[in-house]
Structure formats: structure tokens, C-alpha cells
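Structural description and commentary
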Amino acid sequence: MYIFLKNAGLVLSLCMAVSFSVASYGKEKSISWLDSQINKDPEVVAAKELLNASSHRAKSLTQAVYNPELEASYEKEGDFDNYSIGISQTIDFWDKQSANKSIGEIDVYANQQQLLSLLDSKKANALTALVNWQAAKKAAQLLSERENQLQTLVGIVEDKRKAGLLEPLDAELVYLNLSQIFSEISESQIALKNAEVKVQELLPDWTPNTANLFSFTFGATSYSFNSQWVEDHPKVKLAKAQWKGQQSKAQLTTMESKANPTIGVSAGRSGDEDLVGLTFSIPLNIRNNYSDTVKAAYSEAIAAEANFRSVYRKQSFEAKANYESLNVSKKYYEQWRKLTQGRLDSSENLLNKRWEAGDINTSDYLLALNQRAEGLHAGIRLENQFKLAEISFVLSMGQLSKFEI
């Protein structure tokens, strides 16, 4: 059974922004059945491995930029052995190591947000598939009940017709309605099977008989829109991390365009004399000062900033649209429930009694039954619409992971 956080106003603001390390993520003590199914998805496995890779890469970027170089030489000159040994080190004069470390940390954070966004998307897709399957199952059950009802009605009509209580036309009307139901049942069964396959695609171990997975609810009684939730959305955080990453890369490009000195010391012997040497070298950026490379890097950073603002704007408007859709669908679903509460069952009993008593003809009776069925189908559609709108809203606000599903 899905267990959700009950609240009076979808109090999602209590939930902090998600941030975790690879180690802590791997050490989760327990995950829900739904999460365990999503974790089997190849895309999720790939995203986790990319997160692991970025973690190792970030660790490597904390290391020194330049390693020392060892030089040795030997030559024989007549009776003399000439040799020398030296060591040189390029100095990270502009502190590229710090820039690399920043890039590595941002990359890990970006991959975390990428994984979170993917997990939320996969969970939303799975919940959507389950909701559609639930609606298809209810519709199929409703049509099956109508079929049984008409099959029973056929027997009653035949008995009444033989007794001279009904005209042959009444029997024909029943047969025509039954034939129409067969067509609708066929379509509903196809829709149900397609819905089952979709759920199985997303949840490998799921079957139509999986216990306690038939229905679920977020348990919220009201909803609100908060721009802070949009700012904390994994997609928005990912775009922002990519922007900051490009800024750090642009700074690193600037550092790399500047020369770093190399200092070396050596010692050796030439003939009868001992030799000690000190070397200093620095590249001369005369023929190429790398200014165009630096300009390109900063242009990419500006483009990444524009992309971040675009993602934030798009996500904000998407969340607002989903918020409005949710309120509308919730309003009319609740009105349908209030309007039909207790009426549909009582209306069926009343119709049966009046038809059997001869108060209404068979044509009107069948029309009333069809209208009742349409009312039930409308309820299924409204409930399905409401649940899908709820999933879309919670996902667009980046709050899906806050619920224990």
C-alpha cells in the first residue's frame, strides 16, 4: 500500500532541498517497493554510475596539477665519465588546482540533480501508468457489470415476450444494446491490456494481482504554489549547476592561458669537476595568447546562464499551469462525487422496479441504464483526470520525492 504524508495544505515547505553524497545514497537503509523497481531501470543505473564517475573525477581534480620531472644524463668523454641528475617542477602560479577542485564539486552536484530529476520523472511515469491502469480496470469492470445486467435482462425479456407481456421490439432493443456493449467491452479490454503492459514496462515485478497497489492518494486536502519549490526543483538546480560549472571552466581557461614558470635543480660531474645547476623557464605566449579561447569559454558561460533562466522560467510556468489544472479537475471531481453520492445505486434499483412493474417501457428503461453508465464512466474519467493532474503538479514543483510511496 502506498503511504503518503497526510497534510492539511500540502505542507511541502517543511521539506528541505535534497542534497546527498554518493556514499550516503548507497547506504540508504530501506527503500519502498516502487523505488526498488525504478532502481532497476537501465537509465537510472547509468545515471548512478555517472554520479560515481563524477565523484572519482572530483577527487582526482583535488590533486596537484603538475608532477615533478626527473632528468638524468650520462656520457663518456675519453677517460672521463660525465653525468648529471636533476629535478624540475612547474609551479601552479595561478592556482589552477583550486579551480579544478571547484569544477569537480560542481560536476558531482550537477550529476546528483540529474539523478534526482530522473528518479522523480521515472516515479511520476510509473504512478501515471498505475493511475491509467486503475481507470482502465474500473471501466472494464463497469462494462462487465453492464454485460451481466443485459444478459439477465435478455432472459427476463424472453420470458415476458413468451407470456405476451412485451412486444418483440422490446426484445430487439435489448439485443441491440447488448451488441453495442460487446464492442465497448472489446475496446476496454484492449485498453486495459495496453495499460498493464505499460506498467510492467516501468515496474518489472508488477502484476495485476500485486497486493495493495490498486489505489493510492497523496492525502492532501488543499494545494498551494510556492516559487521557492520551483527554485529547488532538480531540473532548475541542474541548470544552475551547469551555469556555475561553465563559469569555473571559463576562469580555468583564463588561468591556462597564462604562463606558469618551471624551476629545476641539477647536480653532476664533468671530468674532475662537480657541477650544480639551477634552471628557470617560462613559456612566452607571443605567437598565441589564447585570447579567443578565453572569449569562447566566457561566451559559453553566458549561454549557460541564459539556459538556466530559461529552464527556471519554463518550470515556473509549467508548475503554475499544473496548479490551475489541478484545482479545476479537483473541483469538478468533488462536485461529481457530491452529486452522485448514493444516487447511482438507488437509481438502478428504482429503474429495475419501475420497469418490472411496467411503469416505463423498455426503450426508456435502456436509455436510463445507459445514462447511468455514462455517469459512472464520467466519474472514472474525472477521477483519472484529477489524479494525473495531482501527479503532474507535485512533479512540476519538485516535491514528488518528499512523499513516501
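Residues numbered from 1 in each chain as written. Predicted model: local features only at pLDDT ≥ 70, side-chain atom pairs only at ≥ 80, totals over all residues. Heavy atoms only, no water.

The chain goes by TolC family protein in an unreviewed UniProt entry, where it is assigned to Colwellia asteriadis.

1. Details of the side chain of Gln-37
Quick reminder of the rule: Helical segments are the DSSP runs of H or I of at least four residues, strand segments are the runs of E of at least two, and each set is numbered from the N terminus. Whether two residues are in contact is decided by their heavy atoms, any of which lying within 4.5 Å being enough.
Assignment of secondary structure puts Gln-37 in helix 2 (residues 33-38). Each residue touching Gln-37, except ones within four places of it in the same chain, is listed here: Leu-202, Leu-203, Pro-204, Asp-205 and Trp-206.

2. With respect to the sheet that holds strand 4 (residues 273-281)
Heads up, the condition is: Strands were regarded as paired on the criterion that DSSP finds at least two bridges between them. Each axis is a line fitted through C-alpha atoms, and for a helix only the stretch in contact is used; angles between axes span 0 to 180 degrees, taken between their N-to-C directions.
Strand order in the open sheet made by the four strands is 1-2-3-4, with antiparallel pairing throughout. Sheet topology places strand 1 (69-77) and strand 4 at the edges, where each strand pairs with a single neighbour. Averaged over all neighbouring strand pairs, the angle between strand axes comes to 15°, with direction disregarded.

3. Considerations on the nonpolar core
What counts here: We define a nonpolar core as any set of buried Ala, Val, Leu, Ile, Met, Phe, Trp, Tyr and Cys residues linked to one another through side-chain atoms lying within 4.5 Å. Any residue under 20% of the maximum accessible area for its type is buried, any over 50% is exposed, and the rest in between are partly exposed; the area is computed with a 1.4 Å probe on protein chains only.
Leu-34, Val-199, Leu-203 and Leu-400 are the most contacted members of the largest nonpolar core, which has 48 residues in total. Listed by contribution, the elements that provide at least two residues to this core are helix 2, helix 3 (42-60), helix 4 (96-162), helix 5 (168-202), helix 6 (227-231), helix 7 (234-256), helix 8 (291-340) and helix 10 (362-396). It is helix 4 that contributes the most residues to this core, 13 residues altogether. For Leu-400, the contacting residues outside a window of four places in its chain are Asp-120, Lys-123, Ala-124, Leu-127, Phe-218, Val-394, Leu-395 and Ile-405.

4. Thoughts on helix 10
We apply this condition: In this analysis, the expected span of each helix is defined as 1.5 Å times one less than the number of residues it contains.
The terminal C-alpha atoms of helix 10, which comprises 35 residues, lie 51 Å apart, in line with the 51 Å expected from a rise of 1.5 Å per residue. Once helix 10 finishes, Gly-398 follows within two positions and takes phi at roughly 70°, a positive value.

5. Overview of the packing of aromatic side chains
The following threshold applies: Under the pairing criterion, centres of Phe, Tyr and Trp rings, with the six-membered ring standing for Trp, must be within 6.5 Å; the plane angle then separates stacked pairs below 30 degrees from edge-to-face pairs above 60, leaving the rest tilted.
Here the structure, examined in full by the defined rule, presents eight aromatic pairs. An angle of 85° between the planes, with centres 5.1 Å apart, marks the rings of Phe-93 and Trp-94 as edge-to-face. With relative accessibility at 53%, the residue Phe-93 sits in the exposed group. Residue Trp-94 is classed as partly exposed on the basis of its relative accessible area, which comes to 33%.

6. Overview of the packing of helix 7 against helix 8
The line we're drawing: For classification purposes, an angle smaller than 35 degrees is called roughly parallel, one larger than 145 roughly antiparallel, one from 65 to 115 roughly perpendicular, and anything else oblique. When residues are grouped by polarity, Ala, Val, Leu, Ile, Met, Phe, Trp, Tyr, Cys and Pro land in nonpolar, Asp, Glu, Lys and Arg in charged, and all others, Gly among them, in polar.
Here helix 7 crosses helix 8 at 170°, and the two axes come no closer than 8 Å. With respect to helix 8, the element helix 7 is oriented roughly antiparallel. Considered class by class, the residues forming the contact of helix 7 with helix 8 number twelve nonpolar, nine polar and five charged.

7. Notes on the pattern of salt bridges
Under the convention used in this document: Within this document, salt bridges are pairs made up of a side-chain nitrogen of Lys or Arg and a carboxyl oxygen of Asp or Glu, the two lying within 4 Å of each other.
According to the stated counting rule, one finds 14 salt bridges in the structure shown. Put simply, Lys-198 and Glu-201 hold a salt bridge, and the shortest N to O gap is 3.5 Å. Taken together, the positions of Lys-198 and Glu-201, both in helix 5 and three residues apart, correspond to about one turn of that helix. We classify Glu-201 as exposed; its relative accessible area is 54%. The salt bridge partner of Glu-383 is Lys-387, with a shortest N-O separation of 3.6 Å. Of this pair, Glu-383 and Lys-387 both sit in helix 10, four residues apart, roughly one helical turn.

8. Description of the pairing of strand 4
Little of strand 4 is tucked away: zero of the nine residues are buried. As consecutive antiparallel partners, strand 3 (residues 262-270) and strand 4 are separated by two residues, and within that stretch Gly-271 has a phi angle of approximately 65°, a positive value.

9. Topic: the side chain of Gln-315
Heads up, the condition is: Polar contact is defined as a pair of N or O atoms within 3.5 Å, subject to the rule that within protein one atom must be able to donate a hydrogen and the other to accept it, and that residues adjacent in sequence are counted only when both atoms are side-chain atoms.
Mapped onto the elements, Gln-315 comes out in helix 8. Assessed through its relative accessible area of 4%, Gln-315 is described here as buried. A polar contact of 3.4 Å, which involves the side chain of Gln-315, links it to the side chain of His-233. With residues up to four places along the chain from it excluded, the contact list for Gln-315 reads Val-230, His-233, Lys-235, Val-236 and Ser-396.

10. Quick notes on helix 3
What counts here: Here the arc refers to the set of directions running from the helix axis out to each C-beta atom.
With 19 residues, helix 3 extends 27 Å between its outermost C-alpha atoms, agreeing within 8% with the 27 Å of an ideal straight helix rising 1.5 Å per residue. For helix 3, the set of buried residues is Val-44, Ala-47, Leu-51, Ser-54 and Ala-58. An end-on view of helix 3 places all buried positions within 75° of arc, on one side of the element. Set apart from the buried face of helix 3 by more than 90 degrees, the exposed residues are Pro-42, His-56 and Lys-59. You can read the cap of helix 3 off the contacts: a side-chain oxygen lies 2.8 Å from the backbone nitrogen of Glu-43, and it is on Asp-41.

11. A closer look at the packing of helix 8 against helix 10
Definition in use: By definition, turning the near helix anticlockwise from the far helix through less than a right angle yields a left-handed crossing, and turning it clockwise yields a right-handed one.
Where helix 8 meets helix 10, the closest approach of the two axes is 8 Å, and the angle between their N-to-C directions is 150°. Here helix 8 lies roughly antiparallel to helix 10, going by the angle between them. As helix 8 runs across helix 10, the sense of the crossing is left-handed. Taken together, the residues that form the contact of helix 8 with helix 10 break down as twelve nonpolar, nine polar and four charged.

12. Some remarks on the pairing of strand 3
Pairing between strand 2 (residues 80-90) and strand 3: eight bridges, direction antiparallel. Pairing of Thr-90 across the sheet is with Thr-262, part of strand 3.

13. Describing unusual backbone geometry
The backbone phi angle of Asp-95 is positive, close to 60°, even though this residue is not glycine. Within the fold, Asp-95 resides in the loop between strand 2 and helix 4. Among the residues examined, Asp-95 registers a relative accessible area of 37% and is labelled partly exposed. A positive phi angle, close to 60°, is found at Tyr-290, a residue other than glycine.

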